[in-house]
Structure formats: C-alpha cells, structure tokens
Amino acid sequence: MNKNKFFSTQMIVEAGLMLALAVILAQFKLYKMPQGGSISLKLLPLMIFAIRWGAPAGMIVGALFGVITLIIKPEIIHHIQVILDYPLPSALMGLAGITFLDNKYEFKGYIPFIVLSYVLRLVVHFLSGIIYFAQYTPEGMSPAYYSFVYNITYLGPELLIFLVFISLFWKYITSILTKQI
C-alpha cells in the first residue's frame, strides 16, 4: 500500500522484522504433518508485508523466508526439490499483495489473490510430493492422489485460519499499513 521507493531503508527494515516474526511464528505449530508441512501463522507477516509493499517486494521477502527455512530445517533430496519446497512456495505468498479494487484498504479485494497464492503453493508442493516423495505413498494409492490429499490437509486449514484471522483484524492491520516508522 505504501510504495514510497522500492528497497528503501524503511522497506528493508520492515522486511527484516516481518521475516523475524515469520521465523518465530513458524515455531508455534497448530498441527505438524509427519513428512513436513504444518499449520501455523508463519505466513501472516509475509502477507501483510506483501499487502503493504506490493507483490514484487512480497515475493522477494517470501523467497528469503523460504531460504531461511531451508537453512534452519533442511530436507534435501534433490536441488529442484529444494526450490519446489522452500523459496518458490514462500515467494508465491507475495501474490497476496495484489488487489482487484481501486481502494487498497478493502480486504475483499485481496481475497482472490490470497487464495490464488495458496492454490499455487499447493500446486508446487503437490508436484514436489509426486516427484520426490512418492515413496511415502501408501500401497495401492496413487502418488498424485496422496500428494494432493497430504498437502491440502494442512494448506487448506491454514488458508481458512489465515482468512478468518486477517478479516477479524483487518481494521487494525490497515492502520499498520499506512503508519510510517
């Protein structure tokens, strides 16, 4: 929302704060999946940053979060899998910074792009699941079906929790979006 200057000091400071907050929130999991993935509010600061500074900046900060997550708790099978599981899905969360409304302070304008960011994240994790984690598929089940069900099990509830949380606090969040440090 506030696009003074790309990579301004204020933007960089806010990016650092939101990254730190996302890393901290990632430690508080509401539910943890057995082979990776969890339900938490870790993406909330990244989406607020994307809404405040726009999708390009949000995607950069999201990718940085993915790299930080990779450093903190890596699970490396293949170099392409690393991209599919870490920086790419986190970068896609930056799409939450797009709105179809002229009024940038209306939450409903962001909803389709928040949902789109989660759908694209699901697609990326789904592909990683069927390509690199098919060995976890129960016998007699399709790896594609298993990957979809596995990933939707935590991404779906996380999206719903996020939409409820941000809609409840949107009035407060909009005051943050316009506040200058």
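Everything quoted here is computed from the prediction, not taken from an experiment.

Turning our eyes to something else, we now look at the packing of helix 1 (residues 9-26) against helix 2 (residues 44-53). It is the contact of helix 1 with helix 2, at a shortest axis distance of 8 Å, that shows an interaxial angle of 160 degrees. Relative to helix 2, the element helix 1 is oriented roughly antiparallel. The residues of helix 2 that touch helix 1, namely those facing Gln 10, Met 11, Glu 14, Ala 15, Met 18, Leu 19, Leu 21, Ala 22 and Leu 25, are Pro 45, Leu 46, Ile 48, Phe 49, Arg 52 and Trp 53. The residue makeup of the contact of helix 1 with helix 2, split by class, is 12 nonpolar, 1 polar and 2 charged.

Mapped onto this numbering, the UniProt entry annotates "transmembrane region" (unreviewed entry) at residues 12-31, 43-72, 78-101, 113-134 and 154-173. The distance from the first to the last C-alpha atom of residues 43-72 is 16 Å, and the span holds 93% helix and 0% strand. Measuring from the first to the last C-alpha atom of residues 113-134 gives 30 Å, for a span that is 91% helix and 0% strand.

Looking now at the layout of surface pockets. Taken as a whole, the largest pocket holds about 850 Å³ of empty space. Lining the largest pocket are 38 residues; nearest its centre among them are Gly 36, Gly 37, Ser 38, Thr 69 and Tyr 86. Those elements that provide at least two residues to the lining of the largest pocket are helix 1, helix 3 (55-72), helix 4 (79-85), helix 5 (87-92), helix 6 (111-132) and helix 7 (143-168). The dominant element in the lining of the largest pocket, judged by the number of residues it contributes, is helix 7, at 6 residues. Along the lines of polarity and charge, the residues of the lining of the largest pocket split into 16 nonpolar, 15 polar and 7 charged.

Two numbers describe a pair of aromatic rings. These are the distance of the centres and the angle of the planes. Enumeration according to the criterion identifies 7 aromatic pairs in this entry. Ring centres of Phe 107 and Trp 170 lie 5.2 Å apart, and the angle between their planes is 45 degrees; this geometry places the pair in the tilted category. Of this pair, Phe 107 sits in the loop between helix 5 and helix 6 while Trp 170 sits in helix 8 (residues 170-178), and the two are 63 residues apart along the sequence. Residue classification places Trp 170 among the buried positions, given a relative accessible area of 8%. Aromatic side chains Phe 133 and Tyr 136 sit 6.2 Å apart centroid to centroid with 25 degrees between the ring planes, which places their arrangement in the stacked category. Residue Phe 133 is classed as buried on the basis of its relative accessible area, which comes to 13%. On the basis of relative accessible area, Tyr 136 is assigned to the partly exposed category, the value being 36%. An aromatic cluster of at least three residues, connected via ring pairs, comprises Phe 107, Tyr 110 and Trp 170.

Conventions used here
Residues numbered from 1 in each chain as written. Predicted model: local features only at pLDDT ≥ 70, side-chain atom pairs only at ≥ 80, totals over all residues. Heavy atoms only, no water. Axes fitted to C-alpha atoms, helices over the stretch in contact; angles between N-to-C directions. Helix = DSSP H or I, 4+ residues; strand = E, 2+ residues; numbered from the N terminus. Parallel < 35°, antiparallel > 145°, perpendicular 65-115°, else oblique. Contact = heavy atoms within 4.5 Å. Nonpolar A, V, L, I, M, F, W, Y, C, P; charged D, E, K, R; others polar. UniProt positions renumbered as here; feature names shortened; annotations may be inferred. 1 Å grid on protein atoms, 1.4 Å probe; cavity = no way out; pocket = protein on both sides within 12 Å on 5 of 7 lines; lining within 4 Å. Points joined across faces, edges and corners; volume = space filled by probe spheres on them. Phe/Tyr/Trp six-rings, centres within 6.5 Å; stacked < 30°, edge-to-face > 60°. Buried < 20%, exposed > 50% of the residue type's maximum accessible area, 1.4 Å probe, protein only.

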